[in-house]
Amino acid sequence: MSKIDSIAKKLSIDKGRTDSDSKPKAVVKGVKRRVFADVRKIEKKSAPKSLVIVGLAGLVFASLYLMKLFTTVPDIQYLGTTKDKIITVIVIGFLFFQYISYVTTVFKLASGLRGAWASMVRCSGSYVILMIISYTQILDFLPFNLVAFNYLELLVVMAVVTAYMFLGFVREFYTPGYADVAPIGDWLKFVFFQDPYGSEDMITDIDVDIPA
(Lines give C-alpha, C1' and ligand atoms only; values in the text may rest on other atoms or scores of the structure.)
Protein backbone atom coordinates (compact mmCIF):
# COMPACT_ATOMS: atom_id res chain seq x y z
CA MET A 1 0.00 0.00 0.00
CA SER A 2 1.41 3.37 -1.03
CA LYS A 3 1.69 6.29 1.35
CA ILE A 4 -1.10 8.16 -0.45
CA ASP A 5 -3.41 5.11 -0.20
CA SER A 6 -2.57 4.80 3.49
CA ILE A 7 -3.38 8.46 4.07
CA ALA A 8 -6.65 8.19 2.17
CA LYS A 9 -7.62 5.24 4.35
CA LYS A 10 -6.82 7.17 7.52
CA LEU A 11 -8.93 10.08 6.30
CA SER A 12 -11.84 7.60 5.96
CA ILE A 13 -12.72 8.44 2.36
CA ASP A 14 -15.61 6.19 1.35
CA LYS A 15 -15.77 5.39 -2.33
CA GLY A 16 -19.10 4.72 -4.07
CA ARG A 17 -21.26 5.07 -0.94
CA THR A 18 -24.83 3.77 -1.43
CA ASP A 19 -28.06 4.08 0.56
CA SER A 20 -28.86 0.71 2.15
CA ASP A 21 -32.59 1.55 2.46
CA SER A 22 -33.14 2.37 -1.22
CA LYS A 23 -31.85 1.62 -4.65
CA PRO A 24 -28.20 2.41 -5.24
CA LYS A 25 -27.75 5.90 -6.55
CA ALA A 26 -25.78 6.63 -9.68
CA VAL A 27 -22.29 7.78 -9.01
CA VAL A 28 -19.80 9.79 -10.97
CA LYS A 29 -16.47 7.99 -10.99
CA GLY A 30 -13.02 9.45 -11.10
CA VAL A 31 -13.84 12.87 -9.68
CA LYS A 32 -10.81 14.48 -8.11
CA ARG A 33 -11.18 16.07 -4.71
CA ARG A 34 -8.41 18.05 -3.14
CA VAL A 35 -7.58 16.85 0.33
CA PHE A 36 -5.75 18.94 2.91
CA ALA A 37 -4.22 17.02 5.77
CA ASP A 38 -2.02 18.11 8.62
CA VAL A 39 1.00 15.83 8.39
CA ARG A 40 1.52 15.65 12.15
CA LYS A 41 -2.05 14.36 12.61
CA ILE A 42 -1.49 11.59 10.09
CA GLU A 43 1.81 10.24 11.30
CA LYS A 44 3.32 11.20 14.64
CA LYS A 45 7.04 10.71 15.02
CA SER A 46 9.17 10.55 18.11
CA ALA A 47 12.08 12.95 18.23
CA PRO A 48 15.55 11.33 18.31
CA LYS A 49 16.79 11.26 21.90
CA SER A 50 20.06 12.88 20.93
CA LEU A 51 18.36 15.83 19.21
CA VAL A 52 17.55 17.86 22.30
CA ILE A 53 20.84 16.87 23.95
CA VAL A 54 22.83 18.23 21.02
CA GLY A 55 20.74 21.40 20.98
CA LEU A 56 21.23 21.97 24.71
CA ALA A 57 24.98 21.38 24.40
CA GLY A 58 25.17 24.11 21.78
CA LEU A 59 23.03 26.36 23.98
CA VAL A 60 25.40 25.93 26.93
CA PHE A 61 28.39 27.06 24.88
CA ALA A 62 26.43 29.92 23.32
CA SER A 63 25.47 31.08 26.84
CA LEU A 64 29.03 30.87 28.09
CA TYR A 65 30.24 32.86 25.10
CA LEU A 66 27.67 35.62 25.58
CA MET A 67 28.30 35.92 29.32
CA LYS A 68 32.06 36.04 28.86
CA LEU A 69 31.72 38.58 26.07
CA PHE A 70 29.56 40.92 28.13
CA THR A 71 32.15 40.94 30.92
CA THR A 72 34.78 42.22 28.47
CA VAL A 73 32.66 44.86 26.76
CA PRO A 74 33.67 48.28 28.07
CA ASP A 75 31.09 50.50 29.70
CA ILE A 76 29.56 52.55 26.89
CA GLN A 77 29.86 55.79 28.83
CA TYR A 78 33.64 55.36 28.89
CA LEU A 79 34.02 54.83 25.15
CA GLY A 80 35.88 57.67 23.48
CA THR A 81 33.78 58.55 20.43
CA THR A 82 30.14 58.50 19.43
CA LYS A 83 31.07 56.14 16.58
CA ASP A 84 32.46 53.57 19.03
CA LYS A 85 29.33 53.80 21.13
CA ILE A 86 27.04 53.25 18.15
CA ILE A 87 29.10 50.31 16.88
CA THR A 88 29.11 48.71 20.32
CA VAL A 89 25.33 49.02 20.70
CA ILE A 90 24.73 47.54 17.22
CA VAL A 91 27.07 44.59 17.76
CA ILE A 92 25.71 43.80 21.21
CA GLY A 93 22.15 44.01 19.87
CA PHE A 94 23.01 41.58 17.06
CA LEU A 95 24.70 39.09 19.40
CA PHE A 96 21.80 39.24 21.86
CA PHE A 97 19.26 38.66 19.07
CA GLN A 98 21.39 35.77 17.78
CA TYR A 99 21.38 34.20 21.24
CA ILE A 100 17.62 34.63 21.78
CA SER A 101 16.98 33.05 18.37
CA TYR A 102 19.14 30.09 19.37
CA VAL A 103 17.30 29.62 22.67
CA THR A 104 13.91 29.75 20.95
CA THR A 105 15.01 27.26 18.31
CA VAL A 106 16.34 24.72 20.84
CA PHE A 107 12.95 24.54 22.53
CA LYS A 108 11.25 23.93 19.17
CA LEU A 109 13.51 21.10 18.04
CA ALA A 110 11.30 18.27 19.29
CA SER A 111 8.20 19.73 17.61
CA GLY A 112 9.07 18.19 14.25
CA LEU A 113 8.54 21.50 12.46
CA ARG A 114 10.90 21.88 9.53
CA GLY A 115 11.28 25.56 10.33
CA ALA A 116 12.99 24.58 13.59
CA TRP A 117 15.47 22.46 11.63
CA ALA A 118 16.35 25.35 9.33
CA SER A 119 16.61 27.84 12.21
CA MET A 120 18.95 25.53 14.11
CA VAL A 121 21.28 25.22 11.12
CA ARG A 122 21.24 28.98 10.53
CA CYS A 123 21.89 29.84 14.19
CA SER A 124 24.67 27.29 14.67
CA GLY A 125 26.22 28.23 11.34
CA SER A 126 26.15 31.92 12.25
CA TYR A 127 28.28 31.19 15.34
CA VAL A 128 30.76 29.26 13.18
CA ILE A 129 31.02 32.18 10.74
CA LEU A 130 31.30 34.68 13.59
CA MET A 131 34.20 32.80 15.19
CA ILE A 132 36.05 32.45 11.87
CA ILE A 133 35.65 36.16 11.10
CA SER A 134 36.70 37.14 14.61
CA TYR A 135 39.82 34.99 14.51
CA THR A 136 40.91 36.40 11.14
CA GLN A 137 40.94 39.87 12.78
CA ILE A 138 38.65 41.36 10.14
CA LEU A 139 36.69 42.99 12.96
CA ASP A 140 39.67 44.59 14.67
CA PHE A 141 38.03 48.00 14.23
CA LEU A 142 35.52 47.09 16.96
CA PRO A 143 36.13 48.76 20.34
CA PHE A 144 36.17 45.33 22.01
CA ASN A 145 37.29 41.79 21.21
CA LEU A 146 34.64 39.35 19.99
CA VAL A 147 36.86 36.37 20.83
CA ALA A 148 36.19 36.63 24.55
CA PHE A 149 35.48 32.92 24.92
CA ASN A 150 37.69 30.11 23.65
CA TYR A 151 36.75 30.53 20.00
CA LEU A 152 38.00 27.06 19.00
CA GLU A 153 35.71 25.27 21.46
CA LEU A 154 32.66 27.24 20.35
CA LEU A 155 33.61 26.78 16.70
CA VAL A 156 33.92 23.00 17.04
CA VAL A 157 30.70 22.60 19.05
CA MET A 158 28.60 24.66 16.64
CA ALA A 159 30.15 22.94 13.62
CA VAL A 160 29.25 19.55 15.15
CA VAL A 161 25.67 20.73 15.84
CA THR A 162 25.34 21.95 12.25
CA ALA A 163 26.66 18.66 10.83
CA TYR A 164 24.40 16.66 13.17
CA MET A 165 21.29 18.35 11.77
CA PHE A 166 22.15 16.94 8.32
CA LEU A 167 22.32 13.32 9.50
CA GLY A 168 19.85 10.98 7.83
CA PHE A 169 17.72 10.10 10.86
CA VAL A 170 17.45 13.77 11.85
CA ARG A 171 16.30 14.80 8.38
CA GLU A 172 13.88 11.87 8.40
CA PHE A 173 12.32 13.17 11.64
CA TYR A 174 11.59 16.52 9.97
CA THR A 175 10.32 14.89 6.76
CA PRO A 176 6.53 14.89 6.26
CA GLY A 177 4.90 11.48 6.71
CA TYR A 178 3.64 11.40 3.12
CA ALA A 179 7.02 12.08 1.49
CA ASP A 180 10.45 10.52 1.13
CA VAL A 181 13.54 12.08 2.68
CA ALA A 182 14.88 14.75 0.34
CA PRO A 183 18.57 14.78 -0.70
CA ILE A 184 21.01 16.78 1.41
CA GLY A 185 21.29 19.35 -1.38
CA ASP A 186 17.59 20.17 -1.07
CA TRP A 187 17.90 20.52 2.70
CA LEU A 188 20.87 22.82 2.20
CA LYS A 189 18.66 25.03 0.02
CA PHE A 190 16.15 25.06 2.87
CA VAL A 191 18.71 26.91 4.97
CA PHE A 192 18.21 29.70 2.43
CA PHE A 193 14.40 29.53 2.77
CA GLN A 194 13.68 27.09 -0.08
CA ASP A 195 11.54 24.44 1.64
CA PRO A 196 11.92 21.10 -0.23
CA TYR A 197 8.37 20.10 0.75
CA GLY A 198 6.49 23.36 0.40
CA SER A 199 3.66 23.94 2.86
CA GLU A 200 3.32 22.23 6.24
CA ASP A 201 0.03 20.81 4.93
CA MET A 202 -0.08 18.03 2.39
CA ILE A 203 -2.13 18.90 -0.68
CA THR A 204 -3.01 16.02 -2.93
CA ASP A 205 -5.68 15.00 -5.44
CA ILE A 206 -7.44 11.68 -4.77
CA ASP A 207 -9.92 10.01 -7.14
CA VAL A 208 -13.25 9.38 -5.39
CA ASP A 209 -16.74 8.44 -6.49
CA ILE A 210 -19.52 10.89 -5.63
CA PRO A 211 -23.32 10.63 -6.04
CA ALA A 212 -24.54 11.94 -9.41
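Predicted model, so just to flag it, every value in this text is computed and none were measured.

(A) Spotlight on the overall build of the protein. Across its full length, the protein holds eight helices and two strands. For the protein, long-range pairs separated by at least 24 residues make up 76% of all intrachain contacts whose partners lie at least 6 apart in sequence.

(B) Seen up close, the nonpolar core. Ranked by internal contacts, the top residues of the largest apolar core, which has 43 residues, are Leu51, Tyr102, Trp117, Tyr127, Met165, Tyr174 and Trp187. Those elements that provide at least two residues to this core are helix 3 (49-72), helix 4 (82-106), helix 5 (114-135), helix 6 (151-164), helix 7 (168-173) and helix 8 (184-190). If we skip the residues at most four places from it in the chain, Tyr127 touches Ala62, Tyr65, Gln98, Tyr99, Tyr102, Leu154 and Met158.

(C) Expanded view of the packing of aromatic side chains. By the definition in use, this model includes nine aromatic pairs. For the ring pair Tyr102 and Tyr127, a centre distance of 5.8 Å and an interplane angle of 85° mean the geometry is edge-to-face. Of the two residues, Tyr102 is situated in helix 4 and Tyr127 in helix 5; the sequence distance between them amounts to 25 residues. In terms of burial, Tyr102 and Tyr127 fall into one category: buried. Measuring from centroid to centroid gives 5.9 Å for Trp187 and Tyr197, while their planes differ by 65°, and the two rings are edge-to-face. Highlighted residues: Trp187 in helix 8 and Tyr197 in the loop between helix 8 and strand 2 (201-211), separated in sequence by 10 residues. As far as the burial class goes, Trp187 and Tyr197 line up, both buried. In this structure an aromatic cluster arises from ring pairing among Trp117, Phe166, Trp187, Phe190 and Tyr197.

(D) Representation of the environment of Phe190. Looking at the element boundaries, Phe190 is found in helix 8. For Phe190 and Trp117, which are 73 residues apart along the polypeptide, the C-alpha to C-alpha distance reads 9.2 Å. Once residues lying within four places of it in the same chain are set aside, the contact partners of Phe190 are Arg114, Gly115, Trp117, Ala118, Arg122, Asp195 and Pro196.

(E) Fine view of unusual backbone geometry. In the Ramachandran plot, Phe193 falls in the positive-phi region, its phi being about 70° despite a non-glycine side chain. For Phe193, the location among the structural elements is in the loop between helix 8 and strand 2.

(F) Highlighting the pattern of salt bridges. Inspection of every chain in the model, using the stated rule, returns one salt bridge. For Arg114, the salt bridge goes to Asp195, with nearest N and O atoms at 2.9 Å. With Arg114 in helix 5 and Asp195 in the loop between helix 8 and strand 2, the pair connects residues that are 81 residues apart, well separated along the chain.

(G) Main features of the packing of helix 3 against helix 6. Orientation of helix 3 relative to helix 6, taken along the N-to-C sense of each, is 155°, at an axis distance of 10 Å. With respect to helix 6, the axis of helix 3 lies roughly antiparallel. As helix 3 runs across helix 6, the sense of the crossing is left-handed. Listed contacts from helix 6 to Ser50, Leu51, Val54, Ala57, Gly58, Phe61, Ala62 and Tyr65 of helix 3 are Glu153, Leu154, Val157, Met158, Val161 and Tyr164. Residues of the contact of helix 3 with helix 6, tallied by class, amount to 11 nonpolar, two polar and one charged.

(H) Molecular detail of the packing of helix 3 against helix 5. The contact between helix 3 and helix 5 brings their axes to 12 Å, and the two run at 40°. Classed by the angle they form, the pair helix 3 and helix 5 counts as oblique. The hand of the helix 3/helix 5 crossing is left-handed. Where helix 3 approaches helix 5, its residues Gly55, Ala62 and Tyr65 are matched on the opposing element by Met120, Tyr127, Leu130 and Met131. In the contact of helix 3 with helix 5, the residues fall into six nonpolar, one polar and no charged.

Each value, and the rule that gives it
Residues numbered from 1 in each chain as written. Predicted model: local features only at pLDDT ≥ 70, side-chain atom pairs only at ≥ 80, totals over all residues. Heavy atoms only, no water. Helix = DSSP H or I, 4+ residues; strand = E, 2+ residues; numbered from the N terminus. Contact = heavy atoms within 4.5 Å. Core = buried A, V, L, I, M, F, W, Y, C linked by side-chain atoms within 4.5 Å. Buried < 20%, exposed > 50% of the residue type's maximum accessible area, 1.4 Å probe, protein only. Phe/Tyr/Trp six-rings, centres within 6.5 Å; stacked < 30°, edge-to-face > 60°. Salt bridge = Lys/Arg side-chain N within 4 Å of Asp/Glu carboxyl O. Axes fitted to C-alpha atoms, helices over the stretch in contact; angles between N-to-C directions. Parallel < 35°, antiparallel > 145°, perpendicular 65-115°, else oblique. Left-handed = near helix turned anticlockwise from the far one by under 90°. Nonpolar A, V, L, I, M, F, W, Y, C, P; charged D, E, K, R; others polar.

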